[in-house]
Amino acid sequence: MHLALERRAERSTVIAITSPLIAIALTLVTMAVLFAILGKNPITALGVYFLDPLTDSYSLIEIAVKATPLVMIAVGLALCYIANVWNIGAEGQFLIGAVCGSWIAVKTQGTDAAPGCCRR
């Protein structure tokens with residue numbers, strides 16, 4: 001028996017809409033089962049995991065702090081993809097950015113290299 005992959009003539013709108021919803025539903029069900037196995041109330045645990053971080057200003061700031069490097073990496077990867085050029089990948093971009101940021105901090109420590117608004 002020979003299997004062959006063929007492109008569909010057109011993309012199904014129903015599948016394009018329902019496949020992410022199915023993935024989200026399966027993720028929530030899997031998490032609920034895992035929390036139940038651990039002896040926790042799945043509804044409470046999912047609320048703490050998904051809703052509680054959005055109700056506190058400190059949590060929102062922490063989400064922004066953690067999401068900013070990931071958004072910058074995604075933009076860099078998207079630009080490389082659109083330009084059809086080689087890139088070092090998300091992990092490489094993250095590490096090179098951390099190394100360069102640390103180098104700048106070490107080299108400018110104790111100098112007047114601060115922006116004009118922060119000089120005293």
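A brief report on the enclosed structure follows. The structure displayed is predicted, hence computed values, not measured ones.

Thresholds, definitions, all that
The residue numbers shown here count from 1 along each chain, following its written sequence. Local features in this predicted model are restricted to residues whose pLDDT is 70 or higher, and side-chain atom pairs enter the listing and the counts only when it is 80 or higher, whereas totals over whole chains, interfaces and linings include all residues. The basis for every side-chain value is the complete set of non-hydrogen atoms in the structure, without hydrogens or water. Here the axes come from fitting lines to C-alpha atoms, over the contacting stretch only for helices, and the angles between their N-to-C directions go from 0 to 180 degrees. Secondary structure follows DSSP: runs of H or I at least 4 residues long count as helices, runs of E at least 2 residues long count as strands, and numbering of each begins at the N terminus. Should an angle lie under 35 degrees it is considered roughly parallel, over 145 roughly antiparallel, and from 65 to 115 roughly perpendicular; all remaining angles are considered oblique. Definitions for this section: a left-handed crossing has its near helix turned counterclockwise from the far helix by less than a right angle. A right-handed crossing has that turn clockwise. Any two residues whose heavy atoms approach within 4.5 Å at even a single point are treated as in contact. All amino acids are sorted into three groups, where Ala, Val, Leu, Ile, Met, Phe, Trp, Tyr, Cys and Pro are nonpolar, Asp, Glu, Lys and Arg are charged, and the leftover types, Gly among them, are polar.

Structural notes on the packing of helix H3 (residues 57-83) against helix H4 (residues 89-108)
Where H3 contacts H4, the axes come no closer than 10 Å and their chain directions differ by 125°. Accordingly, the angle class assigned to the pair H3 and H4 is oblique. Of the two elements, H3 crosses H4, and the hand of that crossing is right-handed. Residues Pro69, Ile73, Gly76 and Leu77 of H3 pack against Gly89, Ala90, Gln93 and Phe94 of H4.

Looking at the packing of helix H1 (residues 13-37) against helix H2 (residues 42-50)
At their nearest, the axes of H1 and H2 sit 9 Å apart, and the two run at 120° to each other. Judged on the interaxial angle alone, H2 and H1 are oblique. Considering the relative orientation of H1 and H2, their crossing is right-handed. Along its contact with H1, which presents Leu28, Met31, Ala32, Phe35 and Ala36, the element H2 presents Pro42, Ala45, Leu46, Tyr49 and Phe50. Of the residues in the contact of H1 with H2, the class split is 10 nonpolar, no polar and no charged.

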